[in-house]
Amino acid sequence: MRNLYFFLTKQKDHLIFILALGLSLSLLSNHDSPDLNLLRGKSIDILGHIISPVTWINSMLKLEEETQLLREKNIQITLEMESLIRAGEENQRLRELLNFKNESNLVLLPARVLNSGVSSNLTALTLDVGTTSGIKINQPVITPDGVVGKTILVGENTAVVQMLSDVNFRLSVRIMPSGTVGILRWKNNNICQIWELQKNAPINVDDQVVTSGFSHIYPRNLPVGRVIGVLEERGSFQKIAQVRIKPELSSLMNLFVVIEENNELD
């Protein structure tokens, strides 16, 4: 009891203010005189002006939150659309590969590229097939567009492919329709050169380049690319053909390994 007394004594100013405020509000709410109604109206106006900035800030915060949610939803929809577009493109590529496999005279094993890279002495990629799938060393690797390279290392479930873009890669090719034979080597940016061509060989721009069949690795008439130019040097008995290869080596995802030939390509 004594503690309550001391508490009331200590807090008397606050208690008096609360009682006075409560009494004032009670009187204002229970009387309908014109002066009190006017006072109520003024009070509501003042309160409205005080609350209005707070309400505006809350609206802005809510609008910003909704805007952020819309941004996130927009990004999600965009990513889903991109995924569907990529899936459609991948499906189209797989259909083309399937058609090529069905129409080819070769026994082909589909393979997926696991990774690719360039070391100091080799440009290569790794496939997801190996000896358990029948892969051996020195088997051609191709796409429907043409030659990509050959297997040089084979494990149980993976194989390393030396790519056509490797500086040490060589390929015996034939230029059609003349039938001129030369050795193809990489230059840069999907451009190769064919060396050891006779000076008087009839070679023209847009002539088709295919494998010659002289190699024990590559069957003849596999597509390689097309001639885009011919270089001739004075005093030389040979000329060089510039060739743009057909496969886009920088974006390979699905390939075929040639297991064997059923019949030679026509």
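Please read these numbers as outputs of a predicted model, since none were measured by experiment.

Per the secondary structure count, the chain includes three helices and twelve strands. Relative to its full complement of 266 residues, the chain shows a buried share of 30%. If you take every contact in the chain between residues at least 6 apart in sequence, the share linking residues at least 24 apart comes to 55%. Put simply, the chain shows about 17600 Å² of open surface, and 57% of that area lies on carbon and sulfur atoms.

Ranked by size, the top nonpolar core spans 43 residues in total, and within it Leu-127 and Ile-194 carry the most contacts. When residues in this core are grouped by element, the largest group, five residues, is from strand E1 (residues 106-118). Sequence-distant contacts of Ile-194, defined by excluding residues within four places in its chain, comprise Val-173, Ile-175, Gly-182, Ile-183, Leu-184, Val-209, Lys-239, Ile-240, Ala-241 and Val-243.

We now examine the side chain of Ser-172. Position of Ser-172 relative to the elements: it lies in strand E6 (residues 171-176). We classify Ser-172 as buried; its relative accessible area is 16%. There is a polar contact of 2.5 Å between the side chain of Ser-172 and the side chain of Ser-212. Apart from residues lying up to four places away in sequence, Ser-172 is in contact with Val-181, Gly-182, Ile-183, Thr-211, Ser-212 and Phe-214.

The next subject is the environment of Pro-177. Take Pro-177: it is sitting in the loop between E6 and strand E7 (180-188). Through-space distance from the C-alpha of Pro-177 to that of Val-209 is 9.1 Å; in sequence the pair is 32 residues apart.

So, on to the pairing of E6. As judged from the five bridges shared by E6 and E7, these two strands associate in the antiparallel manner. The partner of Ser-172 across the bridge, within E7, is Ile-183. Following E6, the chain reverses through three residues before pairing antiparallel with E7; Gly-179 in that reversal takes a positive phi of roughly 85 degrees. Looking at chain direction, E6 and strand E9 (residues 208-211) are connected through four bridges and run antiparallel. What sits directly across from Arg-174, in E9, is Val-210.

What follows deals with the pairing of E7. Looking at chain direction, E7 and strand E8 (residues 191-198) are connected through five bridges and run antiparallel. From the neighbouring strand, Asn-188 faces E8, where its bridge partner is Ile-191. In this structure, the hairpin formed by E7 and E8 is closed by a connection of two residues, where Asn-189 is found at a positive phi of approximately 50 degrees.

It is worth spelling out the packing of aromatic side chains at this point. As enumerated under the stated definition, the model contains one aromatic pair in all. With 6.4 Å between their ring centres and 75 degrees between their planes, Phe-169 and Tyr-218 make a pair best called edge-to-face. Of the two residues, Phe-169 is situated in the loop between strand E5 (159-163) and E6 and Tyr-218 in the loop between E9 and strand E10 (223-232); the sequence distance between them amounts to 49 residues. Judged by relative accessible area, Phe-169 falls into the buried class, the value being 2%. Directly above the ring of Trp-195 sits Arg-185, whose terminal nitrogen or CZ lies 4.6 Å from the centroid.

Looking now at the sheet that holds E7. One closed barrel holds the six strands; their spatial order is E6-E7-E8-E11-E10-E9, and the pairing between them is antiparallel. Each adjacent strand pair in this sheet contributes to an overall mean axis angle of 45 degrees, direction not counted.

The next thing to look at is unusual backbone geometry. With omega at 15 degrees, the peptide bond leading from Met-176 into Pro-177 counts as cis. With a phi close to 50 degrees, Asn-189 is a non-glycine residue in the positive phi region. If you trace the backbone, Asn-189 turns up in the loop between E7 and E8. For Asp-206, which is not glycine, the phi torsion reads 80 degrees and is therefore positive. Locating Asp-206 in the fold gives a position in the loop between E8 and E9.

Mapped onto the secondary structure, Gly-146 falls in strand E4 (residues 146-154). With 78 residues separating them along the chain, Gly-146 and Val-224 place their C-alpha atoms 4.9 Å apart. Setting aside residues up to four positions removed in sequence, Gly-146 forms contacts with Pro-223 and Pro-247.

Next up on the list: the confidence of the model for the chain. Looking at the chain, the pLDDT average stands at 79 and 65% of residues meet or exceed 70. Per-element confidence in the chain ranges from a low mean pLDDT of 57 for helix H1 (residues 2-10) to a high of 95 for E6.

Conventions and cut-offs
- Residues numbered from 1 in each chain as written.
- Predicted model: local features only at pLDDT ≥ 70, side-chain atom pairs only at ≥ 80, totals over all residues.
- Heavy atoms only, no water.
- Helix = DSSP H or I, 4+ residues; strand = E, 2+ residues; numbered from the N terminus.
- Buried < 20%, exposed > 50% of the residue type's maximum accessible area, 1.4 Å probe, protein only.
- Contact = heavy atoms within 4.5 Å.
- Areas by Shrake-Rupley, 256 points an atom, 1.4 Å probe, with all protein chains shown as cover.
- Core = buried A, V, L, I, M, F, W, Y, C linked by side-chain atoms within 4.5 Å.
- Polar contact = N/O pair within 3.5 Å; in protein donor to acceptor, adjacent residues only side chain to side chain.
- Pairing = 2+ DSSP bridges.
- Phe/Tyr/Trp six-rings, centres within 6.5 Å; stacked < 30°, edge-to-face > 60°.
- Lys NZ or Arg CZ within 6 Å of the ring centre and 35° of its normal.
- Axes fitted to C-alpha atoms, helices over the stretch in contact; angles between N-to-C directions.
- pLDDT = per-residue confidence, 0-100.

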